[in-house]
Each structure stands twice: as C-alpha cells, then as structure tokens.
Amino acid sequence: RIAYVNGRYVPHAQACVHIEDRGYQFADGVYEVCEVWSGKIVDERRHLDRLDRSLGELSIASPMSRAALGFVLREVIRRNRVRDGLVYLQVTRGVAKRDHYFPADGTPPALVVTARAADPRAAEKVADAGVGVITVPENRWDRVDIKTVGLLPNVLAKQKARERGAREAWFVDGDGMVTEGGSTNAWIVTKDGKLVTRPADHGILRGITRQVVLDLAAREGLSVEERAFSVAEALEAKEAFITAASSLVMPVVRIDGRAVGNGHPGSIARNLREKFHEISE
Ligand code: PDD
C-alpha cells in the first residue's frame, strides 16, 4: 500500500508524520472520508466543499489547490488499485514547537492521504442483517459541524457500542433527542412513512450521504421532516437507519437491544441503499 504524506508517495508501512505535528499533539486538524465506487470518488465536489469550510472555520490554510488535491486523491487511489473502498484525507495546522497558539504565518499545513479497498459483498451482508445502535449522552463540543480529527468522544462511544454487540452509538442531547452517531447521521421512518432526520445546524455534522439521501428521497417522492427525534420515537418508528460515506444507507434494527419495527431492515432504507448511486455524483 502507498500513502501520500506532505508531498511524497511512500510505502504505507513507512508513512510517518513529525512528532510535533499539531494533529498529533492537539487534534488541530480536519479530515474527509470519501467513498470510492467503481474507481470514482463519490461526491468529490461536496466533500471538498466541506473540507474548505472546515479549514476556514479553524483558520487552517488550504494545503494546495482543489485541482491538485483531486489529483493526489486519484493518484493514491490508482497506486493502491482501489476500485471500491474509501479514500481518507487529513489536513492539520502543520508542524511547530508545542505551543497552543497558532504557529507563525507561513507554517505549511500537513496533508496525508490514504486509500483502502473494501469488500462490497461483506457490506451488503451487514446491510441485509441490519445493525444495532446504543444510546449515549451527548458529550461533544458545540462545533461538531466542523469535521475535526478530535474524535475521542466518538471513539469511546463506538467502542462501548462494540462491547455491547452494536455497531454504532447515537448521541442523545439533554432534551432526550438524538443528535447523530459516532460516525454517521441518524434517521427514522415514521409509521406513516415520513423520513425524519435532525436539521444540520451546529449540533451535527452536515453529512454528504445525508444530503444525497435527502435528494434521493425527494426524487422518490418521500416526505421528509428535518427535525430532531427522541429515542422513544425511534423505538416506535417503522424503520431506522444511519448514513455515512463509509456505510452508505445502513438499516438499524435494534436500539439499546430493543427491536425497531419488526426487527428487520425496513423497505424504505433498503430502497434508498439500493438506489444511492443513481443519484450520488
Ligand atoms: N464519518 N456524523 C459524524 C460524526 C461523522 O463522523 C460522519 C462521517 C457522518 C456522516 O458524514 P458523511 O455522510 O459525509 O460521511 C456524520 C466518517 C465516515 C468517518 O469518520 O469515518
């Protein structure tokens, strides 16, 4: 495997960043994960738009032009012969002597890109069975709309999910409303067939997959309510699912060990999953 690290393509096993990289010391960086499907980066423009926004919100300089970045992403995909999988990119505020203040102007941001193949058949098996989620109290900062590499609450929540035999953890705010998953957006389908997902304000990441599913729902003539929903409402729902570039539309069949709907993936979630690539760019 080959990775891109600050201007070089290097063997993955030897791909290193400096010990004083601010991503390493302060989680002072942002990232994107894009799906690679049939050799193509899915929704590249939207991901790079969101990257620009994340960088802008944190006053981190762009590491290179969009065209150059697109080239690097494609080159890493090509060198790893990835046809279906994921490409990961991370930009940090660069390398500087440890000090909380931003480093001197002109300190170059650090860019890392990796790609890896995924097994689409394995993913379909998971989707056919559906996944479980647990619920955990929301304990993240109030700017989770910025896709930073500061993911410790997400890591702890997802690990807890795994230990309980679930795939994802849903964060629940002080009002009992689901915000989102540790690495996914959260959705339910009400008994009368409406899709419900939380508005993309500062309380959740504005998922690209979420946006594509909103577009797809409109095309399919499904009604959508962008509003918060509670855990109790999700347990009463007909269906639930999660969305992310890494899992697309993934049916949720259990919440805290209790069945959602009939305990099997719902037809609306399955249909959205099946048609996803008809509308993604
Ligand atoms: N996670 N919410 C959170 C907290 C996320 O980390 C992600 C993505 C999403 C979904 O966003 P998108 O549809 O653009 O992938 C929502 C990536 C995949 C990750 O951390 O691996």
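Residues numbered from 1 in each chain as written. Predicted model: local features only at pLDDT ≥ 70, side-chain atom pairs only at ≥ 80, totals over all residues.

A. Molecular detail of the site of the ligand. Close contacts around the ligand come from 14 residues, with Leu205, Gly207, Ile208, Thr209 and Ala245 the closest. Looking at the shell around the ligand, the elements with two or more residues in it are α6 (208–219) and β13 (239–244). Considering every element that reaches the shell around the ligand, the biggest residue donor is α6, with 3 residues. Considering only residue class, the shell around the ligand consists of 5 nonpolar, 7 polar and 2 charged. (Near = placed C-beta within 6 Å. Helix = DSSP H or I, 4+ residues; strand = E, 2+ residues; numbered from the N terminus. Nonpolar A, V, L, I, M, F, W, Y, C, P; charged D, E, K, R; others polar.)

B. View of the confidence of the model for the protein chain. Predicted confidence across the protein chain gives a mean pLDDT of 97, with 100% of residues reaching 70 or more. Across the predicted assembly, pTM comes out at 0.97 and ipTM at 0.99. (pLDDT = per-residue confidence, 0-100.)

C. Region of the structure containing unusual backbone geometry. Of note in this structure, leucine 248 is not a glycine but carries a positive phi near 55°. Residue placement: leucine 248 occurs in strand β14 (residues 248–255). In this structure leucine 248 comes out as buried when scored by C-beta crowding, with 23 C-beta atoms within 10 Å. We note that aspartate 256 has phi near 50°; this positive angle belongs to a residue other than glycine. As for its position among the elements, aspartate 256 is in the loop between β14 and β15 (258–259). (Buried ≥ 20, exposed ≤ 12 C-beta atoms within 10 Å, placed from the backbone.)

D. Structural view of helix α2 (residues 44–57). With 14 residues, α2 should reach 20 Å at 1.5 Å per residue; the first-to-last C-alpha distance of 20 Å fits that figure. Burial in α2 covers these residues: His47, Arg50, Leu51, Ser54 and Leu55. Buried residues of α2, viewed axially, fall in a sector of 140°; they line one side. Lining the buried residues of α2 we find β3 (29–37), β5 (85–92) and α6. Serine 59 occupies a position one or two residues after α2 and carries a positive phi of about 55°. (Expected span 1.5 Å × (residues − 1). Arc of directions from axis to C-beta. Contact = placed C-beta atoms within 7 Å.)

E. Summary view of the sheet that holds β5. On the basis of which strands lie adjacent, the open sheet formed by 6 strands has the order β2-β1-β6-β5-β3-β4 and antiparallel pairing. In this open sheet, the two edge strands, each paired with only one partner strand, are β2 (8–11) and β4 (40–41). When β3 meets β5, the two strands line up antiparallel, connected through 8 bridges. Bridging from a neighbouring strand, glutamate 35 pairs with leucine 86 of β5. (Pairing = 2+ DSSP bridges.)

F. Main features of the packing of α6 against helix α8 (residues 267–279). At a minimum axis distance of 10 Å, the contact between α6 and α8 shows a crossing angle of 100°. By the angle class used here, α6 and α8 are roughly perpendicular. On α8, the residues that touch Val212, Val213, Asp215, Leu216 and Arg219 of α6 are Leu272, Lys275, Phe276 and Ile279. Looking at side-chain class alone, the contact of α6 with α8 contains 6 nonpolar, no polar and 3 charged residues. (Axes fitted to C-alpha atoms, helices over the stretch in contact; angles between N-to-C directions. Parallel < 35°, antiparallel > 145°, perpendicular 65-115°, else oblique.)

G. Seen up close, helix α3 (residues 66–79). Taking 1.5 Å per residue as the helical rise, α3 with its 14 residues ought to reach 20 Å, and the 20 Å between its terminal C-alpha atoms agrees with that figure. Among all positions of α3, only Leu69, Leu73, Val76 and Ile77 are buried. Taken end-on, α3 shows its buried residues confined to a sector of 100°, consistent with a single buried face. The outward face of α3, more than 90 degrees from its buried face, is lined by the exposed residues Ala67, Ala68, Phe71 and Arg78. On the buried face of α3, the contacting elements are β1 (2–5), β3, β4, α2, β5 and β6 (110–117). Looking at the residues trailing α3, positive phi occurs at arginine 81, about 50°.

H. Summary view of the nonpolar core. Among the nonpolar cores identified, the biggest contains 62 residues, and Val87, Val113, Val133, Ala240 and Val252 are the most heavily contacted of them. In terms of residue count, the dominant contributor to this core is β14 (6 residues). Split by domain, this core shows at least three residues from each of two domains, domain 1 (2–118) and domain 2 (123–279). Ignoring sequence-local partners within four residues, the contact set of valine 113 consists of Ala3, Tyr4, Val72, Leu73, Val76, Val87, Tyr88 and Leu89. (Core = buried A, V, L, I, M, F, W, Y, C linked by C-beta atoms within 7 Å. Domains from an automatic or database assignment.)

I. Focus on the domain arrangement of the protein chain. Parsing the protein chain into structural domains produces domain 1 (2–118) and domain 2 (123–279). Distance from the C-alpha centre of domain 1 to the C-alpha centre of domain 2: 26 Å. Each side of the interface is counted separately: domain 1 has 20 residues, and domain 2 has 13 residues. Of all the secondary structure elements, the ones that give two or more residues to the side of domain 1 that touches domain 2 are β3, α2 and β5.

J. Structural detail: the environment of arginine 78. Relative to the helices and strands, arginine 78 resides in helix α3. The class for arginine 78 is exposed, based on 12 C-beta atoms found within 10 Å. A sequence separation of 10 residues divides arginine 78 from tyrosine 88, and the C-alpha atoms of the two residues are 14 Å apart.

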